[in-house]
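Chain residues, written in single-letter form:
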Amino acid sequence: MLTLVTGCRGRVGSALVPLLLRAGHSVRAASRAPEQLSGPAAALPADVPVVACDLGDPATFPAALAGVDSVFLYAEPSGIDAFLAAAEAAGVEHIVLLSSSSVLAPDAPGNPIAASHHAVEQALIASPLTTTLFRPGVFATNAHQWSRSVREHGSVDLPHPRSHSSPIHEMDLAEAALAALTEPRPQGAAYHLTGPESLTATEQIDLLAAASGHPIAVNTVSGEAWKESMAAFAPEPIADALLAYMAESEDSPAAVTDEVEKLTGRPARTFAAWAEEHADAFRP
């Protein structure tokens, strides 16, 4: 059995590859920039075959999918129909999609955050391939967006400091994907994956401060000021959608599920554990 793992420059894909190898499975690592997956600085094991696969460029699909039985897929809608056609032609049997819990919202098809994930999910559901849908909420790794401000200023600017999320550790996603790719029981279902607790943004920052050993101030700023600070990283429709999400979740605990434990056999990792592991990124 050969698994193609797409998006291997990402934290989940790069964590999944060695898990598959250690479990005795054949793996092919894919990225639209495969040259960045090779060499001494690469995060992947040196003996993993690497292939170009740009999910927006159908010309890269046949070689990437040749001989593949299963795929761990990132949600890129622009080439999804061609990808699924190439997967069927190659004899792929199962796809695990890294989607988003945003698709659970009633406005998902038109929501700037959910739309791409929703479109890919719909294409997969309509295909004859066995599909397992992962719908994680906020990633714990999103906290890295605060690291530069913490290092340079010792503070974080937030428009809604009491907004809630249940951040999930990237290793929990990778281990859940390992189970879905290698065990028949989880295949063909949809999973809403979360961390083990709902935390406000301020509570997350407090945990980062405790892990780093340095205080971190939280400054409440206007939505417009926050959007301006994010202009280089998030298009305005995305920033507006994020602001709306934060406003809606202020003082409102986020959903917490036990889906990680169902798939992996153990509880999801806490955000405090993630903060300890990444404390260096939040030290001056």
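Rules of the game
Residues numbered from 1 in each chain as written. Predicted model: local features only at pLDDT ≥ 70, side-chain atom pairs only at ≥ 80, totals over all residues. Heavy atoms only, no water. Phe/Tyr/Trp six-rings, centres within 6.5 Å; stacked < 30°, edge-to-face > 60°. Buried < 20%, exposed > 50% of the residue type's maximum accessible area, 1.4 Å probe, protein only. Helix = DSSP H or I, 4+ residues; strand = E, 2+ residues; numbered from the N terminus. Pairing = 2+ DSSP bridges. Axes fitted to C-alpha atoms, helices over the stretch in contact; angles between N-to-C directions. Salt bridge = Lys/Arg side-chain N within 4 Å of Asp/Glu carboxyl O. Parallel < 35°, antiparallel > 145°, perpendicular 65-115°, else oblique. Left-handed = near helix turned anticlockwise from the far one by under 90°. Contact = heavy atoms within 4.5 Å. Nonpolar A, V, L, I, M, F, W, Y, C, P; charged D, E, K, R; others polar.

## What to know about the packing of aromatic side chains
Next, step 1: For the structure on display, the rule yields five aromatic pairs.
Next, step 2: Centre to centre, the rings of Phe72 and Tyr74 are 5.9 Å apart; their planes meet at 90°, and the pair counts as edge-to-face.
Next, step 3: Aromatic side chains Trp274 and Phe282 sit 6.4 Å apart centroid to centroid with 65° between the ring planes, which places their arrangement in the edge-to-face category.
Next, step 4: Classification of Trp274 as buried rests on a relative accessible area of 0%.
Next, step 5: Here Phe282 falls in the buried class, since its relative accessible area comes to 1%.
Next, step 6: Among the aromatic residues, those joined into a ring-pair cluster are Phe271, Trp274 and Phe282.

## Concerning unusual backbone geometry
Next, step 1: Positive phi is not limited to glycine here, since Asp251 has a value of about 60°.
Next, step 2: Mapping Asp251 onto the fold places it in the loop between α9 (236-248) and α10 (259-264).

## What to know about the sheet that holds strand β6 (residues 130-136)
Next, step 1: Taken in spatial order, the seven strands make up an open sheet running β3-β2-β1-β4-β5-β6-β9, and their pairing is parallel. A single partner strand is all that each edge strand has here, and the edge strands are β3 (50-52) and β9 (190-193). Across this sheet, the average inter-strand angle for adjacent strands is 20°, counted without regard to direction.
Next, step 2: Pairing of β6 with β9, which is carried by four bridges, proceeds in the parallel orientation. Following the sheet pairing, Leu133 is matched in β9 by Ala190.

## What about the environment of Glu228?
Next, step 1: Mapping Glu228 onto the fold places it in helix α8 (residues 223-230).
Next, step 2: Through-space distance from the C-alpha of Glu228 to that of Ala239 is 9.4 Å; in sequence the pair is eleven residues apart.

## Here we look at the pattern of salt bridges
Next, step 1: With the rule as written, the count across this model stands at 15 salt bridges.
Next, step 2: With a shortest N-O distance of 3.1 Å, Glu236 and Lys227 are connected by a salt bridge.
Next, step 3: For Glu236, a relative accessible area of 52% puts it in the exposed group.
Next, step 4: Since its relative accessible area comes to 12%, Lys227 is described here as buried.

## Let's talk about the packing of helix α1 (residues 11-22) against helix α6 (residues 170-182)
Two packed helices can be described by the angle between their axes and the distance between those axes.
Next, step 1: Between α1 and α6, the shortest axis-to-axis distance is 8 Å and the interhelical angle comes to 50°. With respect to each other, α1 and α6 are oriented oblique. Along this stretch, α1 crosses α6, giving a crossing that reads as right-handed. Counted together, Arg11, Val12, Ala15, Leu16, Leu19 and Leu20 of α1 and Glu170, Met171, Leu173, Ala174, Glu175, Ala177, Leu178, Leu181 and Thr182 of α6 form the full contact between these two elements.
Next, step 2: Of the residues that constitute the contact of α1 with α6, the class distribution is eleven nonpolar, one polar and three charged.

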